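Spelled out from the first residue to the last, the chains are:
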Amino acid sequence: MAEDKTAKVKELMRKPEHIRNIAIAAHIDHGKTTFSDNLLAGAGMISEELAGKQLALDFHEDEAARGITIDSANVSMIHDFEGDDYLINLIDTPGHVDFGGDVTRAMRAVDGAIVLVCASEGIMPQTETVLRQALRERVKPVLFINKVDRLIKEVKLTPEEMQKRFVKIINDVNKLIVQIAEEDYKDDWQVSVNDGSVAFGSAFHNWALSVPYMQKNKISFKDIIDAYNAGGEEYKKLGKVAPLHRVVLNMVIRHHPNPKQAQEYRIPKIWHGDVDSVLGKDLIDCNPNGEPAFVCTKIVIDKHAGEVAAGRLFSGSLKVGDEVYMNLAKRRVKVQQVSVYKGAQRVQLDEVVAGNIVGIVGLKGVVAGETVSKSEIEPFEAIKHIFEPVVTKSISTKKTADLPKLIEVLKQVAKEDPSIHVEVNEDTGESLISGMGELHLEIIENRIKTEKGVEVETSPPIVVFRESVSKKSDEAEGRSPNKHNSFFLTIEPLEDNVEKAIENGDIPDGRIKKKDKTITEALLSAGLSHDEIREYRDIFMGNVFLDKTKGEVHIGEVIEMVMDAFEQVMKQGPMAREPCFKCKVSLVDLKLHEDAIHRGPAQVIPAIRHAIKEAFAKAGPSLYEPIQIHQIEAPSEFMSAITSLVSQKRGILVDVQQDEHHVVVKAELPVAEMIGWSSDLRSATEGKGVSSLVDQHFKKMPNELQESTIRRIRERKGLAENQ
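All figures in this text were calculated on a predicted structure; none of them were measured in a lab.

## A look at the overall build of the protein chain
Part 1: The secondary structure content of the protein chain amounts to 23 helices and 33 strands.
Part 2: The 723 residues of the protein chain split such that 58% are buried.
Part 3: With an accessible surface of roughly 30700 Å², the protein chain has 49% of that area assigned to carbon and sulfur atoms.

Here it is as structure tokens:
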């Protein structure tokens, strides 16, 4: 970055009205990385000849080799709009569903999203998922329709047909916004051609248009078509008369909020502290002189600096040498470096201020989602991904000597990509990695071998199941080992509306504080009464714990231990030690020994675990398996091949749309049957079929398969009869 640009960034980062924090979100292969390169080239950050070819934001070797973006990268640009300079902080995000966790985290750091849609393919399953993630974080969308050159050159549409195509895409996006957005934003955040919140163009050929730009610069759509039809290199001039970066960044400045405007409505959604407190006001005002609050959304490993925590500084400022507090890790550390971004390069500064996307070095052991401040504060809401990891592999080293190195590498991998779940068993040397699908794990495995230099072996994929109950149990008693304390519990299925609200992130996970207004409001809108809400004590992995006891004197001293035991059983259920979900556990009564010495953790925890397990057995225990809904597209002659492949996999067809050339099938498939899915689909469709994940949920397993599956899982885990 030339010196004057660095000076400009320093100046602009102190003017929140002149900052825009944005992300690009789209389906795989709709041209996001080429699009980002273009913006960078336009802002003078990489050379124009290389734009679209350099893939400046793909800096892992496997990204360049596979041609897909896996990690999201941060970059800051300067853009001049109507005589003023603006600082635009951009996060490029992956489109492949296996890396959707990265998209979710990026959305926490930004206030606006450019939803990028391919003109010929239109809205795809992944477009819907990324839009859902943006709206859930109250991130405002604008629309860019890419690859318009293909409609002119390949599909040869007339201007009228093209207009129809655009109108359909815009209507589809607006329909999704109405379906997904909260009440206050359904209408306000609609995208429209007339106000310029929609632009279209070709990232590959560096041009774009929007209505305001066309009016101001006297360009019409006909000029574009003529340029392509003129043959030769004529279309190359388009990048000069309607440069993509100018049109798109003008749209961003016009339609995306600055950090001050955005934090006013985003903070109450993503932070559950008291908004009327001093800190609450600092956050809402994006106050550079207030209490610092930084949320880490990504960890990048830098060869020279070690771990760089990238994320959003919502209030206050941070300087090199500041002592800060990590609210999740509960420890104090010193800030060693602060920086802003330019492509993969960080520009080190002395101080960074509120409203910016920044990098911080020195937060030892930081994880994505961590809230960093000066003193202890209410942390930001946990960043939840729409889909959970459902495929697991065990991973071990080929050489015993490499074991310590593998353990280090796995901890690092889990940080770089928090949608990977890592369980390290330091005694046996076998560790488990869980991800979104086979490709996800394959890429992680590949990185461990190539980038981290550890030779590893992995097991065939294992699928993660869930345990739940189908009816309310009778009261079950758990007695402490010393026989002095008794606990009485019931378990029943959680109401659908509460489960939905937890899944959508309206009700956050965690133990409930007495005066938490947000949780009270969320539970009320899920249809619960005030009396029942008062009993809620803990929300954990889609399960809830209620305290229904009345007037027990010593309950305050044991309730935290009771919840510890509840969480232990929910993590590893009684049937096969798989996680529980949709369970509502109620503590109905308890008898405690007068003397505190006789009711410590060694007495309370085993009693509660025993009571929950006993209640579980009386409540119609069931095993649920992960189901994925995939959209499969192929030439129509492969319709019957796809149908028979789906039925071989215990799948069900949900929807079929067919015209003379193409077929689009939505199918529900058990993840357990999907191992090898992509190669099976390729061979069934001669390599012409593509499949993308639309949704994922858990469904009760057919009764006839339950017993044998439970037995298999228990054998794999080496569990004895009574364990």
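The rest of the description comes next.
## A closer look at unusual backbone geometry
Part 1: With phi around 55°, Arg-138 is a residue other than glycine that occupies positive phi space.
Part 2: Looking at where Arg-138 falls in the secondary structure, it is placed in the loop between α5 (125-136) and β5 (140-146).
Part 3: With a phi close to 50°, Lys-218 is a non-glycine residue in the positive phi region.
Part 4: Following the sequence through the fold, Lys-218 ends up in the loop between α8 (211-217) and α9 (221-229).

## Observations concerning the packing of helix α19 (residues 555-571) against helix α20 (residues 601-617)
Part 1: Interhelical geometry of α19 versus α20 gives an angle of 45° and a closest axis separation of 9 Å. Classified by the angle between their axes, α19 and α20 sit oblique to one another. Considering the relative orientation of α19 and α20, their crossing is right-handed. In contact with Val-558, Met-561, Val-562, Asp-564, Ala-565, Phe-566, Gln-568, Val-569 and Met-570 of α19, α20 contributes Pro-601, Val-604, Ile-605, Ile-608, Arg-609 and Ile-612.
Part 2: Its residues placed into classes, the contact of α19 with α20 shows 12 nonpolar, 1 polar and 2 charged.

## Quick word on the side chain of Ser-202
Part 1: Checked against the element boundaries, Ser-202 lands in strand β6 (residues 198-202).
Part 2: A polar atom in the side chain of Ser-202 sits 3.1 Å from the side chain of Asp-149.

## With respect to the confidence of the model for the protein chain
Part 1: Chain-level pLDDT for the protein chain is 85 on average; 90% of the residues reach the 70-or-more range.
Part 2: For the protein chain, the element scoring lowest by mean pLDDT is helix α3 (residues 61-66), at 40; strand β25 (residues 486-493) scores highest, at 96.
Part 3: For residues 46-72, every residue scores under 50 in pLDDT, and the model assigns this stretch 72 contacts once sequence neighbours within four places are set aside.
Part 4: For residues 94-99, every residue scores under 50 in pLDDT, and the model assigns this stretch 29 contacts once sequence neighbours within four places are set aside.

## Thoughts on the packing of α5 against helix α7 (residues 159-180)
Part 1: With their axes 10 Å apart at the nearest point, α5 and α7 run at an angle of 45° to one another. In terms of orientation, α5 and α7 fall into the oblique class. The handedness of the crossing between α5 and α7 comes out as right-handed. Only Val-173, Leu-176, Ile-177 and Ile-180 of α7 make contact with α5, whose side of the interface consists of Glu-128, Leu-131, Arg-132 and Leu-135.

## Description of the packing of aromatic side chains
Between two aromatic rings, the relevant description is the distance of the centres plus the angle of the planes.
Part 1: As enumerated under the stated definition, the model contains 14 aromatic pairs in all.
Part 2: Geometrically, the ring pair formed by Trp-207 and Tyr-228 is tilted, given 6.5 Å between the ring centres and 55° between the ring planes. Linking Trp-207 in strand β7 (residues 207-209) with Tyr-228 in helix α9, this pair joins segments that are 21 residues apart in sequence.
Part 3: A residue is classified by how much of its surface remains accessible, and Tyr-228, at 8% relative accessible area, is buried.
Part 4: Arranged with centres 5.5 Å apart and planes meeting at 55°, the rings of Phe-581 and Phe-698 form a pair that is tilted. Of this pair, Phe-581 sits in the loop between α19 and β29 (583-591) while Phe-698 sits in strand β33 (residues 690-700), and the two are 117 residues apart along the sequence. Pair check on accessibility: Phe-581 and Phe-698 agree, each one buried.
Part 5: One aromatic cluster in this structure is built from Phe-166, Phe-200 and Phe-221.

## Things to note about helix α23 (residues 703-717)
Part 1: Taking 1.5 Å of rise per residue, the 15 residues of α23 would be expected to cover 21 Å, and the 22 Å separating its terminal C-alpha atoms lies within 8% of that figure.
Part 2: Those residues of α23 hidden inside the fold are in contact with β30 (621-635) and β33.
Part 3: Downstream of α23 by a residue or two, Gly-718 has a phi angle that is positive, lying close to 65°.

Rules used in this analysis
- Residues numbered from 1 in each chain as written.
- Predicted model: local features only at pLDDT ≥ 70, side-chain atom pairs only at ≥ 80, totals over all residues.
- Heavy atoms only, no water.
- Helix = DSSP H or I, 4+ residues; strand = E, 2+ residues; numbered from the N terminus.
- Buried < 20%, exposed > 50% of the residue type's maximum accessible area, 1.4 Å probe, protein only.
- Areas by Shrake-Rupley, 256 points an atom, 1.4 Å probe, with all protein chains shown as cover.
- Axes fitted to C-alpha atoms, helices over the stretch in contact; angles between N-to-C directions.
- Parallel < 35°, antiparallel > 145°, perpendicular 65-115°, else oblique.
- Left-handed = near helix turned anticlockwise from the far one by under 90°.
- Contact = heavy atoms within 4.5 Å.
- Nonpolar A, V, L, I, M, F, W, Y, C, P; charged D, E, K, R; others polar.
- Polar contact = N/O pair within 3.5 Å; in protein donor to acceptor, adjacent residues only side chain to side chain.
- pLDDT = per-residue confidence, 0-100.
- Phe/Tyr/Trp six-rings, centres within 6.5 Å; stacked < 30°, edge-to-face > 60°.
- Expected span 1.5 Å × (residues − 1).

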